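Topology and contacts: notes
Spelled out, the chains give:
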Amino acid sequence: MIDVYKAYDNGTKALKGVTLRIDDGEFVFLVGPSGSGKSTIIKLLTSEIRPSEGKVMVNGYNINTIRPNAVPLLRRTLGVIFQDFRLIEKKNVFENVAFAMRAVGAAPKDVKKRVPYVLDLVGLSHKARRRPYELSGGEQQRVAIARALINNPMVIIADEPTGNLDPARSLEIMTLLERINALGTTVLAVTHERELVNRFAKRVVAIDGGRIIHDGQGGYYTNDPRRAGARE
Amino acid sequence: MNRHTLRYYFTEGFRGIFLHAFSSFAAVGVITACLLIMGSFSLVAVNIQAMVTEMEQSSEIVVEIDESLSDAAARSVGTQINRIENVYEAEWFPREDAFAQYVEKLEDPLLMQSFTPDIFPHRYKVYLVNVQYAEETARDLEALPGVAAVNVERDLLNSLLSIRRVVRVVSVVFILALLVVSLFIMQNTIKLATFERREEIAIMRVVGAAKGFIRWPFVVEGFLLGLMAGLLAYFLQALAYNRFADSLLRPITPIQLISFGELWLPVLAVFLLTGFLVGVFGSVLTIRKYLRA
Ligand SMILES: Nc1ncnc2c1ncn2[C@@H]1O[C@H](COP(=O)(O)OP(=O)(O)O)[C@@H](O)[C@H]1O
Ligand SMILES: [Mg+2]
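Read on for an overview of the structure.

What follows deals with the overall build of chain A. Scanning chain A from N- to C-terminus turns up nine helices and 11 strands. Taking 2.2 N^0.38 as the reference for a compact globule, 232 residues should give roughly 17 Å; the C-alpha atoms of chain A span a radius of gyration of 18 Å, in line with that estimate. When the backbone C-alpha atoms are referred to their principal axes, chain A occupies close to 50 × 40 × 30 Å. For chain A, buried positions account for 54% of its 232 residues. Of the contacts made within chain A by residues no fewer than 6 positions apart, 66% connect residues no fewer than 24 positions apart. Total accessible area on chain A stands at roughly 10,400 Å², and carbon and sulfur atoms take up 48% of it. Each charge class in chain A can be summarised by its mean position, and for the 35 positive and 25 negative side chains these summaries are 6 Å apart.

Quick look at the structure:
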């Protein structure tokens, strides 16, 4: 994204000139205090909103000019994960993952083959018939990750995926994302948690007040204690 | 759209009915209730119209034939009468029949002997195709050669005609009003049902489901629920109608309702069609809101 500004309808200026490039295969943490514009960036990437100014390109789609019926196609190249998991309560684990695959027109026999594979990848094969409310938060998030992975996306985008989890579960989820990244998928993870960011030596992009204030490899919070305070 | 996807829409739509059991129940209940209210009212209107029509058709115009004509000549006036457009049937009513009828009513045999059939003219009883044009037809009849007088039961015909008009206007107004109210209630019920699914729809959109993929299971679900409501309303209507005719009306009044056997097809067709339309368009229209942008 190049020099992007975003003002919401109510006048809130969420982004004030953000330029950011993420290459294939990268693992990027996006950090910043709440209200700094992190989710706004994600919504731009998934074409939920359009930029007020500047240009946004995602996996070859131009978000400024994308046609409404191309939006689902763009989203199939992305796997999105949220803080609140967003599982369909009335479907079981298998169905929650399978329907994302049916949505792109996959044949039932391919679905039957691929879903168990992905559930195995996130370590939930044995809970395929459970409904979301029967699972712990960490397990629910792993279902969401399985769903995000099911269509072989180019990029996984996670908006505070560990916000509702305890530190041990959070570490598990991030480790899982790292493994997925190691298999070749680009990962963009939004987080608040300093500990977590510091444990992984990854690129960290910090944003505050709608502007990027840091972009570099690893250990952002330990490098500069003054900035570390800016996160809350 | 391939075969798998089609199957998926149907199984998902079918499952949706049970997954969203409460809103399905509410939707079927409301649609059924609306259909029953409108159906009952229409059936009452249809019966009143039928009674009025029957009375109209049995009311007659009496044509008296010129007494100077011979019997044969008098009878042949019938050919002329039948040529008039609005005449459904002209029934020969010779003076002998009129006399016999008159005599039957007399109780004094002495008095009877002083009369002969000659005091009556030959007559034709004329039944009309459409009583609305009774006046015009009466004028045409008067103009025929050999016709001495024409008697129209004006008061009866006019009151029948005004009953018909009132029933028609009242039923159209009522049914339209009921339809508007029903659509409003149904729309709200469907809104409730879609509200329950807002989350699901949002999630489907996030994973890149196309609009059609999201919409079709809901449309199938609406379609099935609509048909179910139509069928249910039909059976309840049949039951209520027959009960009303047999247990309520028959013991206390001589009124004979049209048998449900003659009405079932239009009732079923209208109920199923309305259920179908409400179910399908209801879900298409309400879902559209959540699919926008
Ligand atoms: N839909 C919206 N309408 C208006 N303002 C919004 C909307 N979403 C977010 N904002 C505002 O934009 C700013 C950035 O929000 P957001 O990107 O959600 O922050 P973060 O995810 O970093 O906490 C905040 O001031 C927030 O109040
Ligand atoms: Mg946020």
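All names here are of chain A. Around ligand 1 there are 13 residues in total, and Gly35, Gly37, Lys38, Ser39 and Thr40 lie nearest to it. Within the backbone of Ser36, one N or O atom sits 3.3 Å away from an oxygen atom of ligand 1. Between ligand 1 and Thr40, the relevant distance is 2.5 Å, taken from an oxygen atom to a side-chain nitrogen or oxygen of the residue. Computed on the free molecule, ligand 1 has an accessible area of 560 Å², of which 65% lies beneath the protein chains in the complex. For the shell around ligand 1, the leading source of residues is helix H1 (residues 38-45), giving four residues.

All chains considered together, the criterion is met by 14 aromatic pairs over all chains. Linked through ring pairs, Tyr8(B), Tyr9(B), Phe213(B) and Trp216(B) together constitute an aromatic cluster. For Arg86(A), the ring lying beneath its charged end belongs to Phe82(A), and the centroid distance is 3.8 Å. For the cation-ring pair, Lys125(B) lies above Phe93(B), with the distance from its terminal atom to the ring centre recorded as 4.3 Å.

Right, let's get into the environment of Lys38(A). Residue and element names in this part refer to chain A. As for its placement among the helices and strands, Lys38 is situated in helix H1. Overall, the relative accessible area of 4% leaves Lys38 in the buried class. Sequence separation of Lys38 and Asp208 is 170 residues, and the distance between their C-alpha atoms is 8.8 Å. For Lys38, the contacting residues outside a window of four places in its chain are Leu30, Val31, Gly32, Pro33, Glu160, Val190, His192 and Ile207.

What counts and what doesn't
- Residues numbered from 1 in each chain as written.
- Chains lettered and ligands numbered in written order.
- Predicted model: local features only at pLDDT ≥ 70, side-chain atom pairs only at ≥ 80, totals over all residues.
- Heavy atoms only, no water.
- Helix = DSSP H or I, 4+ residues; strand = E, 2+ residues; numbered from the N terminus.
- Rg over C-alpha atoms; globule rule 2.2 N^0.38 Å.
- Buried < 20%, exposed > 50% of the residue type's maximum accessible area, 1.4 Å probe, protein only.
- Contact = heavy atoms within 4.5 Å.
- Areas by Shrake-Rupley, 256 points an atom, 1.4 Å probe, with all protein chains shown as cover.
- Lys, Arg positive; Asp, Glu negative; His and termini not counted.
- Charge placed at Lys NZ, Arg CZ, Asp CG, Glu CD.
- Near = heavy atom within 4 Å.
- Polar contact = N/O pair within 3.5 Å; in protein donor to acceptor, adjacent residues only side chain to side chain.
- Phe/Tyr/Trp six-rings, centres within 6.5 Å; stacked < 30°, edge-to-face > 60°.
- Lys NZ or Arg CZ within 6 Å of the ring centre and 35° of its normal.

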